[in-house]
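Coordinate inspection notes
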Amino acid sequence: MKFYSTNRQSAAVSFKEAVIKSLPADKGLYFPEEVPELDYLFLETLDHYSLPEIGMEVLRQYTKEDIPEAKLSEILHDALDFEIPVKEVEKNIHTLELFHGPTYAFKDVGARFLARCLGFFNETENKEVTILVATSGDTGGAVASGFYNVPGVNVVILYPSGKVSDLQEKQLTTLGGNIKALEVDGDFDACQAMVKRAFLDDDLNAKLNLSSANSINIARWLPQSIYFFEAYRQLKDKKKVVFAVPSGNYGNITAGMLAKKMGLDIHRFIAASNANDTVPRYLQDGNYNVKPTVATVSNAMDVSDPSNHPRMLELHDKEFKDIIKHTEGFTLTDEQTLQVMKDCYNSNGYITDPHGAIGYQALKEKLQKKETGVFLETAHYCKFLSTVEKALEKEIPLPEFVSDLMTKEKVATKLKNDYEDFKEYLLT
Ligand SMILES: *Cc1c(COP(=O)(O)O)cnc(C)c1O
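Residues numbered from 1 in each chain as written. Predicted model: local features only at pLDDT ≥ 70, side-chain atom pairs only at ≥ 80, totals over all residues. Heavy atoms only, no water.

With 15 residues, helix α16 (residues 334-348) should reach 21 Å at 1.5 Å per residue; the first-to-last C-alpha distance of 21 Å fits that figure. Against the buried residues of α16 lie β3 (86-90), α17 (354-366) and α18 (385-392). Downstream of α16 by one or two residues, G349 has phi in the positive range, about 70 degrees. (Helix = DSSP H or I, 4+ residues; strand = E, 2+ residues; numbered from the N terminus. Expected span 1.5 Å × (residues − 1). Contact = heavy atoms within 4.5 Å.)

This is the structure in C-alpha cells:
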C-alpha cells in the first residue's frame, strides 16, 4: 500500500516512509491509496476478537509491506494493553472511555503505536530521530510517555505557556531523559506553525533526522480507527450508531470516518466543538473560514484550523454533500459546557471531562429516535480537575494514581514565539 499526499504534488511513499517523513514536502497530508473494505465475516463476528486482534484486521493491509504480521501483532499487543470500555451513561447514551492508558487520554493509542513503529524502523536504520511535537495539552503527554526511553529517539515537545492544565504540564515536563519540553509564549497554533515550518526547513533537515508525532502522522491517525470497531463490538444495540466526537485537530473523527469507509456500520457522526467552531460552521454552508483561536475550558480542542480537514475531504472524494450526509456539527460555549458537566453528574453520577461533556450534550440534543449514541470520553476528568470542581461546585479528590506525578518537579525551557529561536534551540 502506498500513501499519497492530499496536495497531489509530492510522490506517493510506503507506510514506513510516510511514518518517518510525517509530512510530505508539498504540505499535504499522507493518505492511503486505497481504503480496504474489511471482510464481511470479520465485521459479523467482531465479538470473537480482542482489541489487539481487531487492530490487526484494521491495520494489516496498510502496513503489510513494511511490518511483518508477527511484528505488527507484537506492536499492537504492547501498545493496546489497556481496556477501552463502553458504558451506558443514560438511556441510549454511551461513553467510550478512551482514558485507561498511561496518560489518561485517547492519544495514548496513536502515540504508543507510532512509538513502537518508529522503534521498529529504527532498529534497522541506526540513525537518531528527533521527534517534534506541538501540543495543546494531551498529545505531548501521550508522546512523552509513548517514547520515553525508546532507543535512538529524542523528543522535543512545544506547548503553549499557561494554556495546559497542571496535570498535563507535569506529564510533559517531568520525565526527563530523551524527552525535552519547550514552554512557548504563544497559543497552540503558534506551536504547530513552528513545527510545520521546521519540517520544511532545509538547514534543519540536513542536520537532523526530523519526524513528527502529531495527529498528522499516519501512524497516529490510522490506529484511532480501531476503537470505533471496539466500541461497536461492545454495544448491545447496534442499530443506527451515532458517534459524537469532541474535536480539535479532527484526527479522531476522521479516523472514525475511515472506519466507516472500511465497512463498519456507523450511521453518522457529530463533530462536537467548543468556541473554535471552524468545522461546525463549515458543515453549515461549505465555507471553511478560519478565525483566531480562543482559549476555552476544553483546551485540547482550542484549534481553529484543524490539520486533518484535508483528510475529511479526501474520505469523501472532496464532495461536501457527501460529508454532510452523515456528519453534523455541534458547538458549546464554556458556560454551557460547565452546566452540562454539572447536569450529567447530577442526573447520572458520571463525571465527564470538559471535552467529553460536549460530546455528551451533542447526543442529548441531536440524537434522533431509534439511534444509539456513543460519545468519546477523550480524557479522564482528573486532567481537568479545577474545571470539574468549578462545574460541579464541590471538591473532587485527585485520584490516587496521579498524586505521585503532581509532586514531581517541572523542567521546561522557555521559548518566545519566534521561529529563529526555535531553530537555534534545535541546532545547539
Ligand atoms: C486531542 C484531544 C481532543 C481533540 O482530538 P482531535 O483528534 O485533535 O480532534 C479532544 N479531547 C481531548 C481530551 C484531547 O486530548
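On we go.
Attention shifts here to the site of the ligand. Of all residues adjacent to the ligand, which total 15 residues, the nearest are K107, D138, G248, N249 and T378. One of the backbone nitrogen or oxygen atoms of N249 is found 2.8 Å away from an oxygen atom of the ligand. Here Y250 contributes a backbone N or O atom positioned 2.8 Å from an oxygen atom of the ligand. Taking 380 Å² as the accessible area of the ligand by itself, protein coverage stands at 98%. A per-class count over the shell around the ligand returns six nonpolar, seven polar and two charged. (Near = heavy atom within 4 Å. Polar contact = N/O pair within 3.5 Å; in protein donor to acceptor, adjacent residues only side chain to side chain. Areas by Shrake-Rupley, 256 points an atom, 1.4 Å probe, with all protein chains shown as cover. Nonpolar A, V, L, I, M, F, W, Y, C, P; charged D, E, K, R; others polar.)

Generally speaking, a soluble globular protein has its nonpolar side chains buried in company with each other. One finds F15, F147, F228, F229 and F243 to be the most contacted residues of the largest nonpolar core, which totals 91 residues. No other element matches helix α5 (residues 107-125), which puts nine residues into this core. If sequence neighbours within four positions are ignored, F228 has contacts with F243, V245, N252, A255, G256, A259, L264, I266, F269 and L376. Ranked by size, the runner-up nonpolar core spans 33 residues in total, among them A272, A357, Y381 and L405. (Core = buried A, V, L, I, M, F, W, Y, C linked by side-chain atoms within 4.5 Å. Buried < 20%, exposed > 50% of the residue type's maximum accessible area, 1.4 Å probe, protein only.)

Where burial is concerned, most of strand β9 (residues 241-246) is hidden: six out of the six residues are buried. By the alternation rule, side chains of β9 split into V241, F243 and V245 and V242, A244 and P246, which are all buried. Relative to strand β10 (residues 266-273), β9 runs parallel, the two being bridged by six bridges. Each bridged residue has a counterpart across the sheet, and for V245 the counterpart in β10 is A271. Following the chain from β9 across helix α12 (residues 251-261) to the adjacent parallel β10, one finds a crossover that is right-handed. (Pairing = 2+ DSSP bridges. Right-handed = clockwise from strand over helix to strand, strands pointing away.)

What α18 keeps buried is the set L385, T387, V388, A391 and L392. One face of α18 carries all of its buried residues, which in axial projection span an arc of 160 degrees. Counted as exposed and oriented over 90 degrees from the buried face of α18: S386 and K390. The secondary structure elements touched by the buried residues of α18 are α16 and α17. Among the residues trailing α18, E393 stands out with phi positive, at a value near 55 degrees. (Arc of directions from axis to C-beta.)

What follows covers the pattern of salt bridges. Opposite charge on two side chains lets them pair, provided their charged atoms get close. One pass over the full model with this rule turns up 26 salt bridges. The salt bridge involving K364 is made with E90; its shortest N-O contact spans 2.8 Å. One end of the pair, K364, is in helix α17; the other, E90, is in strand β3, with 274 residues separating them in the sequence. Salt bridges linked by common partners bring E169, E183, K410 and K414 together as one network. (Salt bridge = Lys/Arg side-chain N within 4 Å of Asp/Glu carboxyl O.)

Here we come to the sheet that holds strand β12 (residues 372-377). Think of a sheet as strands paired side by side through backbone hydrogen bonds, with each pair either parallel or antiparallel. The six strands lie next to each other as β3-β4-β12-β9-β10-β11, forming an open sheet whose pairing is mixed. A strand with exactly one partner marks an edge of an open sheet, and here the two such strands are β3 and β11 (327-331). In this sheet, adjacent strand axes meet at a mean angle of 30 degrees when their direction is disregarded. Bridge analysis of β9 against β12 gives four bridges, and the strand direction is parallel. Bridge pairing links V242 to G373 in β12. Helix-sheet contacts for α12 involve β9, β10, β11 and β12, and the interaxial angle to β10 is about 175 degrees. (Axes fitted to C-alpha atoms, helices over the stretch in contact; angles between N-to-C directions.)

Another aspect to go through is the packing of helix α8 (residues 188-199) against helix α20 (residues 419-427). Closest axis-to-axis distance for the α8/α20 pair is 10 Å, and the angle between their directions is 60 degrees. For the element pair α8 / α20, the angle class is oblique. Crossing hand, α8 versus α20: right-handed. From α8, M194, V195, R197 and A198 reach across to α20, where they touch Y419, E420 and F422. By residue class, the composition of the contact of α8 with α20 is five nonpolar, no polar and two charged. (Parallel < 35°, antiparallel > 145°, perpendicular 65-115°, else oblique. Left-handed = near helix turned anticlockwise from the far one by under 90°.)

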